[in-house]
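This is what each chain is made of:
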Amino acid sequence: MKDELKRGFASDNNAGIHPEVLKAMQDANIGHCIAYGDDIYTQNAIAKIKEHFGEDIDVYFMFNGTGSNVLALKMLTESYNSIICAETAHINVDECGAPEKFTGCKLLSVPTKNGKLTIEKIKYHMHDFGFEHHSQPKVISIAQVTEMGTVYTQNEIKEITDYAHENGMFIHMDGARLCNAAVSLDISLREITADVGVDVLSLGLTKNGAMNAEAIIFFNQKMSDDFKYYRKQGMQLASKMRFMAVQFETLLSNDLWKKNAEHANKMAKILAKSVAEFPQIRITQEVQANGIFAIVPSNIIPRLQEEFFFYMWDEHKSEVRWMTSFDTQLEDIEKFVLRLKKLLK
Ligand SMILES: Cc1ncc(COP(=O)(O)O)c(C=O)c1O
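**Structural notes on the domain arrangement of the protein chain**
Right, on to step 1. In terms of domain boundaries, the protein chain breaks down into domain 1 (3-14 + 256-344) and domain 2 (19-251).
Right, on to step 2. Each of domain 1 and domain 2 has a C-alpha centre, and the two are 27 Å apart.
Right, on to step 3. With 20 residues of domain 1 at the interface, the matching set in domain 2 holds 23 residues.
Right, on to step 4. Here domain 1 packs against domain 2, burying approximately 1900 Å² in sum over the two surfaces, 55% of which is carbon and sulfur.
Right, on to step 5. The interface formed by domain 1 and domain 2 holds 1 salt bridge in total.

Spelled out as structure tokens, the structure:
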């Protein structure tokens, strides 16, 4: 393998496509079928998604997670609204202001230690309803898994969704790593979304082994009445949709999503356990899914990155992020830990 193609711990997005997914795309590459989703592959994929999330849902495939988050939020808001989220939320820090640009809304962020919102934290922004000088809070957006690698329990989500609904607000969930959260809690995808009151989900399977399988799922079908127009205006309507559809169908069949997420989470636990042996390294978040956050002596980071690429998370604290994925191998971890050991000597 070329050096620059070596598996590292930078991101589950850096991994390739799961071979079964690639094969399904290859198998779908025959003949012609109607474009823009009016095809049997898309119908089958939506039926499969309904097996996991329930019958009363509306599903729209999207090109990427950012588009999925942005258009989900657009659908739930008017431009005078605000969206409450964690300071570390992808929508707040990693989407180049797209949520603000396309919704016109203000993002009201909350500092958290572990990426999770709580009612106490949300309350900080819950004021001035009906006051025309203040943006009107309408959506609480949570990420499952959070950007800090932590996982909300069902009860934690339910508390937030109940609170949102009592206050006439909606819950959006960024589920870019929903599969990792479900296996971490050992429950179904439905049990951490529809069953605990999530209104709209941005479901991502790209990090789980797809090439590009992202979707918005509306658990309340009334909310999606005009969504098809917004998706087209939002430039997220795929013409050759069958190739997205088969990715969903493959990953959501025969528990492939589960196997991939279980593997990634297991690798993260092993990596975390191995690095925890070094007294110079401090793991800063509980490892509940496939991300590890750790404070590492700053002098060794560039040298470690030369061989195993990963991102600095917080330069001021010398905190890094290591991600595992469906294709992480034990030998990747062994080599990484060996190198770490040498550098820390
Ligand atoms: C929490 C979270 N949400 C959403 C996304 C989706 O982003 P993209 O637009 O790159 O598909 C990512 C990607 O890294 C993510 O980590």
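Past the structure itself, the notes keep going.
**Looking at the sheet that holds strand S11 (residues 319-323)**
Strand pairing within a sheet occurs via backbone hydrogen bonds; the two strands may be parallel or antiparallel.
Right, on to step 1. Overall, antiparallel pairing links the 4 strands, which are arranged S8-S9-S11-S10 in an open sheet. Edge strands, defined here as strands with exactly one partner in the open sheet, are strand S8 (282-283) and strand S10 (311-314).
Right, on to step 2. Bridge count between S8 and strand S9 (residues 291-295): 2 bridges; the pairing is antiparallel. Directly across from Ile-283, in S9, lies its bridge partner Ala-294.

**Quick notes on the site of the ligand**
Right, on to step 1. The immediate surroundings of the ligand are formed by Asn-13, Asn-64, Gly-65, Thr-66, Asn-69, His-90, Glu-147, Asp-174, Ala-176, Arg-177 and Lys-207.
Right, on to step 2. When the ligand sits alone it has 390 Å² of accessible area, and the protein chains cover 79% of it.
Right, on to step 3. For the shell around the ligand, the per-class residue count stands at 1 nonpolar, 6 polar and 4 charged.

**So, the pairing of strand S6 (residues 200-204)**
Right, on to step 1. The buried count for S6 comes to 5 of 5 residues, which makes it a mostly enclosed element.
Right, on to step 2. Here S6 shows no split at all, with Val-200, Ser-202 and Gly-204 on one side and Leu-201 and Leu-203 on the other all buried.
Right, on to step 3. Sheet analysis places strand S5 (residues 170-175) next to S6, joined by 4 bridges and oriented parallel. The residue of S6 that forms the bridge with Gly-175 is Leu-203.
Right, on to step 4. In this view, the connection linking S5 to its parallel neighbour S6 by way of helix H8 (residues 178-185) has right-handed handedness.
Right, on to step 5. As paired strands, S6 and strand S7 (residues 214-218) are joined by 5 bridges and run antiparallel to one another. Across the sheet, residue Leu-201 finds its bridge partner in S7, namely Ile-217.

**Remarks on the pairing of S11**
Right, on to step 1. Taken across its 5 residues, S11 has 5 buried, putting it largely inside the fold.
Right, on to step 2. Here S11 shows no split at all, with Glu-319, Arg-321 and Met-323 on one side and Val-320 and Trp-322 on the other all buried.
Right, on to step 3. As paired strands, S9 and S11 are joined by 5 bridges and run antiparallel to one another. Bridging from a neighbouring strand, Gly-291 pairs with Met-323 of S11.
Right, on to step 4. Sheet topology places S10 next to S11; 3 bridges connect them, and they run antiparallel. Directly across from Asp-314, in S11, lies its bridge partner Glu-319.
Right, on to step 5. The hairpin formed by S10 and S11 contains 4 residues between the paired strands, and Ser-318 there has a positive phi angle of roughly 60 degrees.

**Quick word on the nonpolar core**
Right, on to step 1. Counting 62 residues, the largest nonpolar core has Phe-53, Phe-61 and Ile-140 as the members making the most contacts within it.
Right, on to step 2. The biggest single contributor to this core is helix H10 (residues 242-251), with 6 residues.
Right, on to step 3. No fewer than three residues from each of domain 1 (3-14 + 256-344) and domain 2 (19-251) sit in this core.
Right, on to step 4. When sequence neighbours within four positions are dropped, the list of residues in contact with Phe-61 reads Thr-42, Ala-45, Ile-46, Ile-49, Glu-214, Ala-215, Arg-231, Gln-236, Met-241, Met-244, Ala-245 and Phe-248.
Right, on to step 5. Residues Ala-268, Ala-272, Ile-292 and Leu-340 belong to the second largest nonpolar core, which totals 25 residues.

**Concerning helix H11 (residues 256-276)**
One turn of the α-helix equals 3.6 residues, which is why residues spaced by three or four share an orientation.
Right, on to step 1. End to end, H11 covers 30 Å across 21 residues, agreeing with the expected 30 Å (1.5 Å per residue, within 8%).
Right, on to step 2. Those residues of H11 lying buried are Leu-256, Trp-257, Asn-260, Ala-261, Ala-264, Asn-265, Met-267, Ala-268, Leu-271, Ala-272 and Val-275. Looking down the long axis of H11, one finds its buried residues gathered within 165 degrees of arc, a one-sided arrangement. Turned more than 90 degrees away from the buried face of H11, the exposed residues are Lys-266 and Lys-273.

Reading the values: rules and limits
- Residues numbered from 1 in each chain as written.
- Predicted model: local features only at pLDDT ≥ 70, side-chain atom pairs only at ≥ 80, totals over all residues.
- Heavy atoms only, no water.
- Domains from an automatic or database assignment.
- Contact = heavy atoms within 4.5 Å.
- Buried area = accessible area lost by both parts, 1.4 Å probe.
- Salt bridge = Lys/Arg side-chain N within 4 Å of Asp/Glu carboxyl O.
- Pairing = 2+ DSSP bridges.
- Helix = DSSP H or I, 4+ residues; strand = E, 2+ residues; numbered from the N terminus.
- Near = heavy atom within 4 Å.
- Areas by Shrake-Rupley, 256 points an atom, 1.4 Å probe, with all protein chains shown as cover.
- Nonpolar A, V, L, I, M, F, W, Y, C, P; charged D, E, K, R; others polar.
- Buried < 20%, exposed > 50% of the residue type's maximum accessible area, 1.4 Å probe, protein only.
- Right-handed = clockwise from strand over helix to strand, strands pointing away.
- Core = buried A, V, L, I, M, F, W, Y, C linked by side-chain atoms within 4.5 Å.
- Expected span 1.5 Å × (residues − 1).
- Arc of directions from axis to C-beta.

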